[in-house]
Amino acid sequence: MDKMTKDNIINRLISKLDNNPRLGQPKIFGRRFRRKELLLLIVEELIVGVIMIGLLLHSVSLNSQDKINYADADAADEISASDGALIVNDVTVSVPADGNVSYNISYSWSKDDRKYPTIPRSITASYRNDDGKVLYDLSLYKDSFVPAKNRKPGQNAASWFKKWKTGEEGNVKREKLDSGNIPGFLISTTGSEDDTGSAIYESSTYYFAIETDAGIGVYVLEGNLYDNDSREVMQKAMKSAIDSISIKEQAA
């Protein structure tokens, strides 16, 4: 848009404002603007808006060929929580029930969803301070499932993590860790700290495999730390949750 075109638009809008006695002096955020100054601002904002829409459409076009992975409604997990417990199908994990804790189910999209996702994905217990800030949370969800008919020879829960790499690299620690007779694998990430000594991010992700006649299900218990002063509390809660894992028969 050249300067002459922009000035023509501004002058026409000014003329409409001047001919409308109901419109007073415009005011934005407590600051008074002259009509021409305001209209110039509006025109420039419209130009920026057009540019942003163009960039968005370009981004959509670039990603239009990406495959969308929808959740399978027919294989949806049964997810719930009780006071001090996260439950996915027949897997139950005990979590701290004291303090300011809230439970939340997250959802995934199915092919039939239009307005919002409807397939239960995970259950999360969030722990807050008196000001409502989340200190840490613990989540449980099913990561994958291999039907019995698709299992490879020798593939079972006991051997599931056999080839997973262990050791420490940077701020990431990977180790095999069983929960009773349930084989598992723990990946811990130690977050760096800012100048105030607050943790930027820290997480613990525990994978464990459940084997039944139906197949092998791999579940994840995940802990995320958001407050440095709660690190010890979160680590204790995570260890206790791992030790508490219980399974009913025919868990998927």
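Residues numbered from 1 in each chain as written. Predicted model: local features only at pLDDT ≥ 70, side-chain atom pairs only at ≥ 80, totals over all residues. Heavy atoms only, no water.

Is there a simple way to explain the layout of surface pockets in this structure?
In this structure, the largest pocket encloses a volume near 400 Å³. Among the elements that line the lining of the largest pocket, the one with the most residues is helix α3 (residues 231-244), at 6 residues. For the lining of the largest pocket, the residue count by class is 6 nonpolar, 8 polar and 6 charged. The volume enclosed by the second largest pocket comes to roughly 290 Å³. Of all the secondary structure elements, the ones that give two or more residues to the lining of the second largest pocket are β7 (119-128) and β8 (134-147). Of the residues belonging to the lining of the second largest pocket, the class tally is 6 nonpolar, 2 polar and 5 charged. (1 Å grid on protein atoms, 1.4 Å probe; cavity = no way out; pocket = protein on both sides within 12 Å on 5 of 7 lines; lining within 4 Å. Points joined across faces, edges and corners; volume = space filled by probe spheres on them. Helix = DSSP H or I, 4+ residues; strand = E, 2+ residues; numbered from the N terminus. Nonpolar A, V, L, I, M, F, W, Y, C, P; charged D, E, K, R; others polar.)

I'm lost on the packing of aromatic side chains in this one. Help?
Ring pairs (aromatic) are described by centroid distance and by the angle formed between their planes. The full count for this structure, using the stated rule, is 7 aromatic pairs. Here the aromatic rings of Phe161 and Trp164 are separated by 4.8 Å at their centres, their planes lie at 90 degrees, and the arrangement is edge-to-face. When its relative accessible area of 5% is taken as the criterion, Phe161 is described as buried. Using a relative accessible area of 28% as the deciding quantity, one classes Trp164 as partly exposed. Note on Phe208 and Tyr219: the rings are 5.9 Å apart at their centroids and 20 degrees apart in plane angle, and the pair reads as stacked. (Phe/Tyr/Trp six-rings, centres within 6.5 Å; stacked < 30°, edge-to-face > 60°. Buried < 20%, exposed > 50% of the residue type's maximum accessible area, 1.4 Å probe, protein only.)

Any chance you could explain the sheet that holds strand β4 (residues 85-88) here in plain terms?
Strands belonging to one sheet form pairs held by backbone hydrogen bonds; the direction of such a pair is parallel or antiparallel. If you trace the 4 strands from one edge of the open sheet to the other, you get β3-β4-β5-β14, paired in antiparallel fashion. Strands with a single pairing partner mark the edges of an open sheet, and in this sheet they are β3 (79-82) and β14 (246-247). Summarising the sheet, β4 and strand β5 (residues 91-94) pair through 4 bridges and their orientation is antiparallel. Looking at β5, one finds that Ala85 is bridged to Ser94. Against the sheet, α3 contacts β5 and β14, and its axis sits at roughly 145 degrees relative to β5. (Pairing = 2+ DSSP bridges. Contact = heavy atoms within 4.5 Å. Axes fitted to C-alpha atoms, helices over the stretch in contact; angles between N-to-C directions.)

Mind showing me how you'd approach the side chain of Ser204 here?
Inspection of the secondary structure assignment puts Ser204 in strand β12 (residues 202-212). The exposure class assigned to Ser204 is buried, which follows from its relative accessible area of 13%. The residues touching Ser204, leaving out its near neighbours within four places in the chain, are Leu186, Ile187, Ser188, Leu221, Glu222, Gly223, Met234 and Met238.

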